[in-house]
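Below are the chains, spelled out letter by letter.
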Amino acid sequence: WMYNGILYMHPDTNQTMLEWKASHKGNIQISGNVRKYDTLGGDGVTVSIWKNDTLIWPQSGWIKVEYNDNSGLNHDFEVNVEKGDIISFRVDEGNNNAYDTTIWSPAVVYNSYKEY
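On a predicted model such as this, the values are computed, not experimentally measured, just so you know.

With that settled, the discussion passes to the overall build of the chain. Helices and strands together make up the secondary structure of the chain, namely zero helices and eleven strands. For the chain, the α and β elements follow one another from N to C terminus as β-β-β-β-β-β-β-β-β-β-β. Since a compact globule built from 116 residues should have a radius of gyration of about 13 Å, the 15 Å found for the chain is in line with a globular shape. With the C-alpha coordinates of the chain rotated into their principal frame, the extents come out at 50 × 30 × 20 Å. For the chain, the exposed area adds up to about 6600 Å²; of that, 45% sits on carbon and sulfur atoms.

If you want it as structure tokens, here you go:
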């Protein structure tokens with residue numbers, strides 16, 4: 001959900017996803033920060049970014065954001081997209097979803113594109 005310009009994501013028994021759809025073919029910059037909002041307990045979350053069905057960040061696989069990490073992880077990379085490609089920002093629970101509210105501030109910007 002969005003409140004005061006901040007995007008909050010909370011997985012239940014399924015992953016929570018925010019999706020962006022490419023309107024053009026081109027090269028995009030994906031930057032942002034993902035961090036825990038609720039740092040009072042729980043066991044943290046795992047996060048990742050996908051292009052369609054392919055994991056693109058981090059390249060080593062899902063990465064954990066610890067339960068008390070309110071600084072989080074930064075990402076900033078480029079990727080080529082085709083019109084209609086889906087970029088998804090995914091948050092998954094650890095062993096349970098207690099205290100799993102997570103703040104993600106992604107930005108997707110075209111570096112170059114072609115309209116066709």
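On we go.
Another aspect to go through is the packing of aromatic side chains. Scanning the model with the defined rule gives five aromatic pairs in all. A centroid spacing of 5.8 Å and a plane angle of 55° characterise the contact between Trp-20 and Tyr-110, whose relative ring orientation is tilted. Of this pair, Trp-20 sits in strand E3 (residues 16–21) while Tyr-110 sits in strand E11 (residues 107–114), and the two are 90 residues apart along the sequence. Where Phe-89 meets Trp-104, the ring centres are 5.4 Å apart and the plane angle is 75°; that geometry is what we call edge-to-face. A residue pair is termed long-range when its members are at least 10 positions apart, and Phe-89 in strand E9 (residues 86–93) and Trp-104 in strand E10 (residues 102–104) qualify at 15 residues.

On the secondary structure map, Thr-16 appears in strand E3. Separated by 2.9 Å, the side chain of Thr-16 and the backbone oxygen of His-10 make a polar contact.

What follows is about the nonpolar core. In this structure, Ile-30, Val-47, Ile-49, Trp-57, Ile-87 and Trp-104 are the most contacted members of the largest nonpolar core, which totals 21 residues. For this core, the secondary-structure elements that each account for two or more residues are strand E2 (6–9), strand E4 (25–36), strand E5 (45–51), strand E6 (54–57), strand E8 (73–81) and E9. Looking at this core, the element that brings in the most residues is E8, giving four residues. Not counting residues within four places of it along the chain, the set of residues in contact with Trp-57 comprises Val-34, Val-47, Ser-48, Ile-49, Ile-63, Leu-73, Asn-74, His-75, Phe-77 and Trp-104.

Omega for the bond connecting Trp-57 with Pro-58 falls within 30 degrees of zero, at -15°, which places this linkage in the cis form. Relative to the helices and strands, Pro-58 is located in the loop between E6 and strand E7 (63–65). One non-glycine residue, Asn-4, adopts positive backbone phi at about 50°. With a relative accessible area of 65%, Asn-4 lands in the exposed category.

Here we come to the environment of Gln-15. For Gln-15, the location among the structural elements is in the loop between E2 and E3. Taking the relative accessible area as the measure of exposure, Gln-15 reaches 32% and is therefore partly exposed. The spacing of Gln-15 and Phe-89 is 74 residues in sequence and 9.9 Å in space, taken between C-alpha atoms. The contact partners of Gln-15, leaving out residues within four places of it in the chain, are Trp-62, Arg-90, Val-91 and Asp-92.

What counts, and where the lines are drawn
Residues numbered from 1 in each chain as written. Predicted model: local features only at pLDDT ≥ 70, side-chain atom pairs only at ≥ 80, totals over all residues. Heavy atoms only, no water. Helix = DSSP H or I, 4+ residues; strand = E, 2+ residues; numbered from the N terminus. Rg over C-alpha atoms; globule rule 2.2 N^0.38 Å. Areas by Shrake-Rupley, 256 points an atom, 1.4 Å probe, with all protein chains shown as cover. Phe/Tyr/Trp six-rings, centres within 6.5 Å; stacked < 30°, edge-to-face > 60°. Polar contact = N/O pair within 3.5 Å; in protein donor to acceptor, adjacent residues only side chain to side chain. Core = buried A, V, L, I, M, F, W, Y, C linked by side-chain atoms within 4.5 Å. Buried < 20%, exposed > 50% of the residue type's maximum accessible area, 1.4 Å probe, protein only. Contact = heavy atoms within 4.5 Å.

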